[in-house]
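Next come the chains, spelled out residue by residue.
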Amino acid sequence: MSETQIELTNINKHYGTFHALKDINLRIEKGTFVALVGPSGCGKSTLLRSLAGLESISGGAIRIAGEVVNQVPPRKRDVAMVFQSYALYPHMKVAENLTYSLRLRGVSKADARKAAEEIATTTGLTGLLDRYPRELSGGQRQRVAMGRAIIRHPKAFLFDEPLSNLDAALRVQMRKEIRALHDRLGATSVYVTHDQIEAMTMADYVVVMRDGIIEQQGRPLELYDTPANKFVAGFIGSPAMNFVTGTIAASGADVVLDLPDAPVVALGRQADPGRKVLVGLRPEHLSLVPLEQASIKVPVLVVESTGSMTYVTTDTTPQLTLVEQSRSDIKAGDNVGVRIEPHHIHLFDGATEKAI
Ligand code: ATP
C-alpha cells in the first residue's frame with residue numbers, strides 16, 4: 001500500500017493583493033519523485049517554499065508524514081532544500097559543509113568525518129572533502145549541496161531548479177545522478193523546474209502549473225498522451241505541439257482545417273458537426289509522404305538537420321513543424337505531402353481550449 005508523505009489541501013497564497021497560489025491540492029506518495037513545472041511566475045517556487053516553511057501560506061493545510069506543519073518552522077519540518085545557488089559556506093571545506101548540520105546537533109568531529117566520507121562515496125565526492133567550494137566545478141558543488149541534504153535523512157528533498165547554473169551536458173548527467181540517488185535512498189523528492197524535458201525524464205509524477213493553479217497532474221506519459229487542455233498540450237513535448245483551428249464537418253467524422261485549400265482530415269471518431277475546434281498535432285506524429293497519399297499538401301519554409309533528425313517548418317499560417325527521424329533531401333520551397341493519422345489528432349474546444 002502506498003503511503004502519503006506530503007499532502008497539500010486547498011493551499012492559497014496571497015502577496016498583498018496578488019493571488020500567487022489558488023486552491024492547490026496535491027498528494028505525494030512516499031518514495032515518489034514529483035516535478036512541479038510551469039512557465040516563469042506560475043507559482044512553483046512559491047509552492048515549494050511554502051512546503052519548506054520559507055513562505056507562510058494564506059490558507060489551506062500542509063501535511064508532512066501526516067502532521068499538519070503550517071505553524072512548524074522550517075528547520076523543524078525535517079525537509080531538505082537544494083537550491084540552484086548551492087548555498088554552500090565558502091569559508092568551510094567540503095567535509096565541513098556536508099556535516100554542518102550534524103555538528104550543530106552535537107555529533108563529534110570524528111563521527112562527522114566518518115559521515116562525510118560515507119556521503120562522499122554516495123555522491124561521488126571522494127577525494128574532495130578537504131577542498132573549499134571555490135575549488136570545485138559547478139557539478140561538484142551541486143553534489144555537495146545534495147550531500148548536505150542527504151546527511152540529514154530528511155522526510156523529503158525539495159529541489160528548486162538545482163541545475164539551472166550548469167551547462168547542457170552536465171545538466172543531463174546531473175539529472176541522471178539526482179534520479180539515481182533518489183532511487184538509492186528511497187527518498188521522496190519534489191523538484192521545481194521550468195524545463196519540461198527535465199520534468200518528464202526525471203519524475204514519476206508531473207504537476208503542470210500556470211498562474212497559480214494546477215493545470216494538470218499525472219504520470220509523464222499520461223500528460224503527453226492525454227493533455228487536459230491546450231496549455232498542457234503545448235507545454236509538454238518538444239518541439240511543441242502544432243495547433244490549427246478548424247471546424248468539425250457536417251458528417252461529424254472529419255475536421256476541416258483552416259489551412260490553404262481547407263483540407264478535410266478524418267478524425268477516427270465522432271465530434272459535434274459545426275463545432276469550432278483547435279486541432280493539436282505533435283511534430284513527431286506528422287510524416288512526410290508522397291503527395292498522392294497526403295492528408296495535407298504544404299510548402300516548405302525551412303529545413304534543419306541535426307544529423308539524425310530533420311526538422312521541417314512549413315510556409316503556412318500557422319506554421320507547422322514536423323520532425324522526421326531520418327535524413328531527407330527536401331528543401332525550402334518544395335511542396336510536400338504530410339500524413340496525419342487520425343489516432344494522433346488531439347482536439348480542443350475552440351473557445352475553452354479544453355480537450356474534447
Ligand atoms: P520562476 O521560474 O521565474 O522562479 P515561479 O513559477 O517559481 O517562477 P514564483 O517565484 O513562485 O514563480 O512566483 C509566483 C508569482 O508570485 C510571480 O508572479 C511573482 O512575481 C510573485 N511573487 C513571488 N514572490 C513575491 C513576493 N515576495 N511579493 C510579491 N509577489 C511575489
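Values in this document were obtained by computation on a predicted structure and should not be read as measured data.

Draft legend 1. Molecular detail of the packing of helix 2 (residues 94–104) against helix 4 (residues 138–150). Packing of helix 2 against helix 4 leaves a shortest axis separation of 7 Å and a crossing angle of 30°. If you check the angle between helix 2 and helix 4, you find them roughly parallel. Once helix 2 is placed against helix 4, the crossing between them reads as right-handed. Each of Val94, Asn97 and Leu98 in helix 2 lies in contact with helix 4, whose residues at this interface are Val144, Gly147 and Arg148. Within the contact of helix 2 with helix 4, the residues separate by chemical class into three nonpolar, two polar and one charged.

Draft legend 2. A look at the sheet that holds strand 1 (residues 4–15). The sheet built from four strands is open, its strands ordered 2-1-4-5 with antiparallel pairing. Each having just a single partner strand, strand 2 (18–29) and strand 5 (67–68) make up the two edges of the open sheet. Bridge analysis of strand 4 (residues 59–64) against strand 5 gives two bridges, and the strand direction is antiparallel. By the bridge assignment for strand 5, isoleucine 64 is matched with glutamate 67. Against the sheet, helix 1 (residues 44–52) touches strand 1, strand 2 and strand 4, its axis set at about 120° to strand 1.

Draft legend 3. Looking closely at the site of the ligand. Taken together, the neighbourhood of the ligand is formed by Tyr15, Phe18, Ala20, Pro39, Ser40, Gly41, Cys42, Gly43, Lys44, Ser45, Thr46 and Glu161. Between the ligand and the protein, one listed contact pairs an oxygen atom with a side-chain N or O atom of serine 40 at 2.6 Å. Between lysine 44 and the ligand, the recorded distance is 2.7 Å, taken from a side-chain N or O atom to an oxygen atom. In isolation the ligand exposes 630 Å². Once the protein is present, 57% of that is buried. Among the elements that line the shell around the ligand, the one with the most residues is helix 1, at three residues. Here the residues of the shell around the ligand sort into five nonpolar, five polar and two charged.

Draft legend 4. Fine view of the packing of aromatic side chains. Counted according to the given criterion, the structure contains seven aromatic pairs. Judged by centre distance (5.7 Å) and plane angle (20°), the ring pair of phenylalanine 231 and phenylalanine 235 falls under stacked. Of this pair, phenylalanine 231 and phenylalanine 235 both sit in helix 8 (residues 230–235), separated by four residues, roughly a single helical turn. The pair formed by phenylalanine 231 and phenylalanine 235 is uniform in burial state, with each residue classed as buried. An aromatic cluster is built from Phe33, Phe157, Phe159 and Tyr191, whose rings are joined through pairwise contacts. Cation over ring: lysine 230 sits above phenylalanine 243, and NZ or CZ is 5.1 Å from the ring centre. Over the aromatic face of tyrosine 224 sits the side chain of arginine 282, whose NZ or CZ is 4.1 Å from the ring centroid.

Conventions and cut-offs
Residues numbered from 1 in each chain as written. Predicted model: local features only at pLDDT ≥ 70, side-chain atom pairs only at ≥ 80, totals over all residues. Heavy atoms only, no water. Axes fitted to C-alpha atoms, helices over the stretch in contact; angles between N-to-C directions. Helix = DSSP H or I, 4+ residues; strand = E, 2+ residues; numbered from the N terminus. Parallel < 35°, antiparallel > 145°, perpendicular 65-115°, else oblique. Left-handed = near helix turned anticlockwise from the far one by under 90°. Contact = heavy atoms within 4.5 Å. Nonpolar A, V, L, I, M, F, W, Y, C, P; charged D, E, K, R; others polar. Pairing = 2+ DSSP bridges. Near = heavy atom within 4 Å. Polar contact = N/O pair within 3.5 Å; in protein donor to acceptor, adjacent residues only side chain to side chain. Areas by Shrake-Rupley, 256 points an atom, 1.4 Å probe, with all protein chains shown as cover. Phe/Tyr/Trp six-rings, centres within 6.5 Å; stacked < 30°, edge-to-face > 60°. Buried < 20%, exposed > 50% of the residue type's maximum accessible area, 1.4 Å probe, protein only. Lys NZ or Arg CZ within 6 Å of the ring centre and 35° of its normal.

None of this, on its own, says anything about what the molecule does.
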